[in-house]
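As a plain string of letters, each chain reads:
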Amino acid sequence: MNNWNIKVKRLLKSELIKRGITNAHLVLLLKEIDVHETKASIDSKISRGTFSACFFLQCLYVIGCNRIEVEEIESQLAIAAEPEFEYKKIK
């Protein structure tokens with residue numbers, strides 16, 4: 001995965017975590033601004049880290065994130081860091 005995809009994924013996840021907002025709650029917030037997503041589609045977009053700038057800004061808007069300090073992004077990414085190992089798949 002592209003390093004920038006990882007950064008933007010972690011940035012969005014960290015902003016959600018800081019506010020205690022789940023992906024299920026994000027669905028409801030987006031619906032209020034007439035953006036219709038399912039929890040599964042949001043889970044998938046955030047998991048891949050491949051979503052449009054429009055979706056990113058819509059999410060930031062509905063969760064009340066008015067400002068992101070670019071210099072602080074690296075420290076924020078640790079909030080939503082993923083483990084450095086492969087998960088074992090259950091058959």
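The residue numbering used here restarts from 1 in each chain and proceeds along that chain's sequence as written. The model is predicted, so local features are restricted to residues of pLDDT at least 70 and side-chain atom pairs to those at 80 or more, both for listing and for counting; the totals for chains, interfaces and linings are taken over all residues. The side-chain figures draw on all heavy atoms in the structure; neither hydrogens nor water molecules are used.

(A) Looking closely at the overall build of the chain. Along its length, the chain carries five helices and zero strands. For each residue, the accessible area found with a 1.4 Å probe, counting protein chains only, is set against the maximum for its type, and the residue is called buried under 20%, exposed over 50%, and partly exposed in between. Taking all 91 residues of the chain together, the buried fraction comes to 35%. Residues count as neighbours in contact if any of their non-hydrogen atoms are within 4.5 Å of one another. Put simply, 72% of the contacts in the chain that link residues at least 6 apart link residues at least 24 apart. Using the Shrake-Rupley algorithm and a 1.4 Å probe, accessible areas are obtained, with residue cover drawn only from the displayed protein chains. For the chain, the exposed surface amounts to about 6,400 Å²; the carbon and sulfur share of it is 56%. Secondary structure counts use DSSP, requiring at least four H or I residues in a row for a helix and at least two E residues in a row for a strand, with both numbered from the N terminus.

(B) Quick look at the nonpolar core. Among the nonpolar cores identified, the biggest contains 19 residues, and L12, L16, L26, L30, I42, F55 and I63 are the most heavily contacted of them. Of all the elements in the fold, those that place two or more residues in this core are α1 (3-18), α2 (23-32), α3 (39-48) and α4 (53-62). In terms of residue count, the dominant contributor to this core is α4 (five residues). Apart from residues lying up to four places away in sequence, I42 is in contact with N23, L26, V27, L30, E37 and F55. Side-chain atoms within 4.5 Å are what join buried Ala, Val, Leu, Ile, Met, Phe, Trp, Tyr and Cys residues into a set we call a nonpolar core.

(C) Region of interest: the confidence of the model for the chain. In the predicted model, the chain carries a mean pLDDT of 85, and 74% of its residues have values of at least 70. Per-element confidence in the chain is highest for α2, whose mean pLDDT is 98, and lowest for helix α5 (residues 73-77), whose mean pLDDT is 59. For every residue, the predictor reports its confidence as pLDDT, a number between 0 and 100.

(D) Representation of unusual backbone geometry in the model. Unusually for a residue other than glycine, D34 sits at a positive phi of about 65°. Tracing the backbone through its elements, the reader meets D34 in the loop between α2 and α3. We classify D34 as exposed; its relative accessible area is 59%.

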